[in-house]
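This is what each chain is made of:
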Amino acid sequence: MKILVLNCGSSSIKYQLFDMVEKNWLVKGNVQKIGLLGTYISHENCKNIKIRLDREIPDYQKGIEEILKLLVDPELGVIKDLSEIKAVGHRVVHGGEVFKDHTLITDEMIDALEHLSNLAPLHNPQNIRGILSAQQVLPGIPQVAVFDTAFHQTIPSYSYMYPLPYSIYMKDKVRRYGFHGTSHYFVSRRAYAEYGIEKKNSKVITCHLGNGASITAVHNGNSVDTSMGMTPVEGLMMGTRVGDIDAGALLHIMTTENLNVTEINNLINKQSGLLGISGISFDMRDIRTAISNGGDRAKLAYDMFVYRIRKYIGSYSAVMNGVDAIIFTGGIGENSADVRKDICRDFDYLGLKIDNDLNVSLKGQGMISAPDSKVKVMVIPTNEELVIAEATYRLVGKI
Ligand code: ADP
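Notes on the structure in this doc start here. Quick caveat: nothing in here was measured; it's all calculated off a predicted structure.

What about the overall build of the protein chain?
Looking only at helices and strands, one finds 15 helices and 14 strands in the protein chain. Taken over C-alpha atoms, the radius of gyration comes to 21 Å for the protein chain, in line with the 21 Å a tight globule of 399 residues would show. Principal-axis analysis of the C-alpha atoms places the extent of the protein chain at approximately 60 × 55 × 45 Å. For the protein chain, long-range pairs separated by at least 24 residues make up 61% of all intrachain contacts whose partners lie at least 6 apart in sequence. In the structure as shown, the protein chain presents an accessible area of about 18600 Å², 52% of it carried by carbon and sulfur atoms. If you average the places of the 43 positive and of the 44 negative side-chain charges in the protein chain, the two averages end up 3 Å apart.

Concerning the site of the ligand
Lining the immediate environment of the ligand, one finds Gly210, Asn211, Gly212, Asp283, Met284, Arg285, Gly330, Gly331, Ile332, Asn335 and Ser336. Note that an oxygen atom of the ligand is positioned 2.8 Å from one of the backbone N or O atoms of Gly331. Among the secondary structure elements, those contributing two or more residues to the shell around the ligand are helix 10 (284-292) and helix 12 (330-335). Examining the composition of the shell around the ligand, we find that four residues originate from one element, helix 12, more than from any other.

With respect to the side chain of Asn30
Here Asn30 lies in strand 3 (residues 24-32). Leave out the neighbours within four places in its chain, and Asn30 touches Ser12, Ile13, Lys14, Tyr15, Tyr40, Ile41 and Ser42.

Observations concerning the pairing of strand 1 (residues 2-8)
With seven of its seven residues buried, strand 1 lies for the most part within the structure. Burial along strand 1 is two-sided: Lys2, Leu4, Leu6 and Cys8 and Ile3, Val5 and Asn7, pointing in opposite directions, are all buried. Strand direction decides the pairing type here: strand 1 and strand 2 (residues 13-19), joined by seven bridges, are antiparallel. Residue pairing in the sheet places Leu4 in a bridge with Leu17 of strand 2. If you look at the hairpin formed by strand 1 and strand 2, you'll find four residues sitting between the two strands.

Some points on the sheet that holds strand 4 (residues 40-45)
The sheet built from eight strands is open, its strands ordered 5-4-3-2-1-6-8-7 with mixed pairing. With one partner strand each, in any of the chains shown, strand 5 (50-54) and strand 7 (103-104) form the two edges of the open sheet. Of the strand pairs in this sheet, strand 2 and strand 3 are connected by seven bridges, and their pairing is antiparallel. Note on strand 3: the bridge partner recorded for Phe18 is Trp25.

A few points about unusual backbone geometry
What you tend to see is this: most non-glycine residues have negative phi, and most peptide bonds are trans. Despite not being glycine, Lys23 has its phi angle at roughly 60°, a positive value. Structurally, the position occupied by Lys23 is in the loop between strand 2 and strand 3.

Some details on the packing of helix 11 (residues 296-319) against helix 13 (residues 337-344)
In helix packing, the relevant descriptors are the interaxial angle and the interaxial distance, both defined with respect to the helix axes. Following both chains from N to C, one finds helix 11 and helix 13 inclined at 50°, their axes separated by 9 Å at the closest point. One way to sum up the angle between helix 11 and helix 13 is to call them oblique. Read as a crossing pair, helix 11 and helix 13 show a hand that is right-handed. Contacts between helix 11 and helix 13 involve Tyr302, Phe305, Val306, Ile309, Arg310 and Ile313 from the first element and Asp338, Val339, Asp342, Ile343 and Cys344 from the second. For the contact of helix 11 with helix 13, a count of residues per class yields eight nonpolar, no polar and three charged.

Digging into the side chain of Asp225
Relative to the helices and strands, Asp225 resides in strand 11 (residues 222-226). Within polar-contact distance, the side chain of Asp225 engages the side chain of Ser159 at 3.1 Å. In this structure the side chain of Asp225 is engaged in a polar contact, spanning 3.2 Å, whose partner is the side chain of Arg176. Setting aside anything within four residues of it in sequence, one finds Asp225 in contact with Ile155, Ser159, Arg176, Ile215, Thr216, Ala217 and Tyr316.

Digging into the packing of helix 7 (residues 247-256) against helix 8 (residues 261-270)
Where helix 7 contacts helix 8, the axes come no closer than 11 Å and their chain directions differ by 125°. It follows that helix 7 is oblique to helix 8 by the angle criterion. Note that helix 7 runs across helix 8; the crossing there is right-handed. Between helix 7 and helix 8, the residues in contact are Leu250, Ile253 and Met254 and Val261, Ile264, Leu267 and Ile268, respectively.

Conventions adopted
- Chains are numbered independently. Their residues run from 1 in the order of the written sequence.
- Reporting in this predicted model follows two pLDDT cut-offs: at least 70 for local features of residues, and 80 or more for side-chain atom pairs to be given and counted; totals over whole chains, interfaces and linings ignore these cut-offs and use all residues.
- Side-chain figures throughout are based on the complete set of non-hydrogen atoms in the structure, without hydrogens or water.
- The way it works is that DSSP assigns letters per residue, a run of H or I at least four long becomes a helix, a run of E at least two long becomes a strand, and they are numbered from the N terminus.
- Values of the radius of gyration come from C-alpha atoms, whereas the globule rule sets the reference at 2.2 Å times the count of residues to the power 0.38.
- Whether two residues are in contact is decided by their heavy atoms, any of which lying within 4.5 Å being enough.
- Areas reported as accessible are Shrake-Rupley estimates using a 1.4 Å probe. Residue values count occlusion only from the protein chains shown.
- As used throughout, the charge tally considers Lys and Arg to be positive and Asp and Glu to be negative, leaving His and the chain termini uncounted.
- In plain terms, the charge of a residue is placed at NZ if it is Lys, CZ if Arg, CG if Asp and CD if Glu.
- Here a residue counts as near a molecule or strand whenever at least one of its heavy atoms sits within 4 Å of it.
- Side-chain atoms alone can form a polar contact between residues adjacent in sequence; in general such a contact is a pair of N or O atoms within 3.5 Å, and within protein one must be able to donate a hydrogen while the other accepts it.
- We call a residue buried when its accessible area falls under 20% of the maximum for its residue type, exposed when it is over 50%, and partly exposed in between, using a 1.4 Å probe and counting protein chains only.
- DSSP bridges decide pairing: two strands pair if at least two such bridges lie between them.
- All axes here are fitted lines through C-alpha atoms, helices being fitted over the stretch that makes contact, and every angle between N-to-C directions spans 0 to 180 degrees.
- Orientation labels follow simple angle bins: below 35 degrees gives roughly parallel, above 145 gives roughly antiparallel, 65 to 115 gives roughly perpendicular, and whatever is left gives oblique.
- In this scheme the crossing of two helices becomes right-handed for a clockwise turn of the near helix relative to the far one and left-handed for an anticlockwise turn of less than a right angle.
- Three classes are used: nonpolar for Ala, Val, Leu, Ile, Met, Phe, Trp, Tyr, Cys and Pro, charged for Asp, Glu, Lys and Arg, and polar for all others, with Gly counted as polar.

What follows is the structure, given as structure tokens:
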């Protein structure tokens, strides 16, 4: 049983083909700069072949066609015939209140998804175009939508509501939803399965720190709070997103800088965060290099990034009345020992102690807390694609 996972972004399609018996990936890659100059595919397969291919790809449909050609290519691919693909799983960013769980795609379901596009205008329309293109290219093959928001459906209303007039929630469903759900789900499940944390009664904080970053309180296996809100702008400081900010400050900036909605949207999504403060880069590696070269603003950006994560860990420990484990994942969480060390300092009140040698020497997955630490701290590389493949497999098995 082979499942193709597709993640359609603004100008890219990330793809992976999974073998669901072995639970491993067979092929993975990324079609980048779709519809732009210099479109290319970075492609690898499980036989250790890695290649970059330049192609002219004007739209998603052509992109998916190229992916399928690669899958059956005698040298670069791994399957003989497309009929070996039993289902396609799509990452869909926003399920709103309508989609409480991952869902088999039907025409009615796509209509409902289109209605939700106003909640996520930057993401959902691309996801829908990806689904429609995949239906064209692989007719008759079941397709499943796996939502970033689904894992957070257990968050209680006193946490997900904004204290705006209630009518705004009733009319437009403006509330917090949370994102990165597949990642927070994956790493918390791994912690239960591999680090002896009992799901029942457990209090886990999952920190997904990549270009986009979010943090989730997972109590008894359920998300009870998360830092992102109605959109992925709320919460932590990110590569280019602002995170938490006084709504009044935005109105002030719009007035004084004479910005329209598109411009302020650009400001808070693309020009803020690590990039906005450092003036150098959105990338944590560049920030670290700039700090070692004496960059004051890079240092300020770094300190703000770490401080805001520490504040969230404190507040999530408070709402769960303690914490048993903290998990780091995402490009920064998995790779930066400095960030992990700086986040975890001065948590004596939680009884948390990092083992510095373990933290620095760790490659991949592992525990980085000291044996006598009351809070287990671990690094678990995320695998959102596997969650999508497994959810697809489960739903398709029910057909
Ligand atoms: P995305 O949210 O786009 O999926 P990733 O999860 O790939 O992002 O994370 C990208 C971030 O991870 C970048 O800020 C990058 O600098 C950071 N990163 C990757 N490797 C390292 C490293 N060795 N040290 C510090 N930061 C790293």
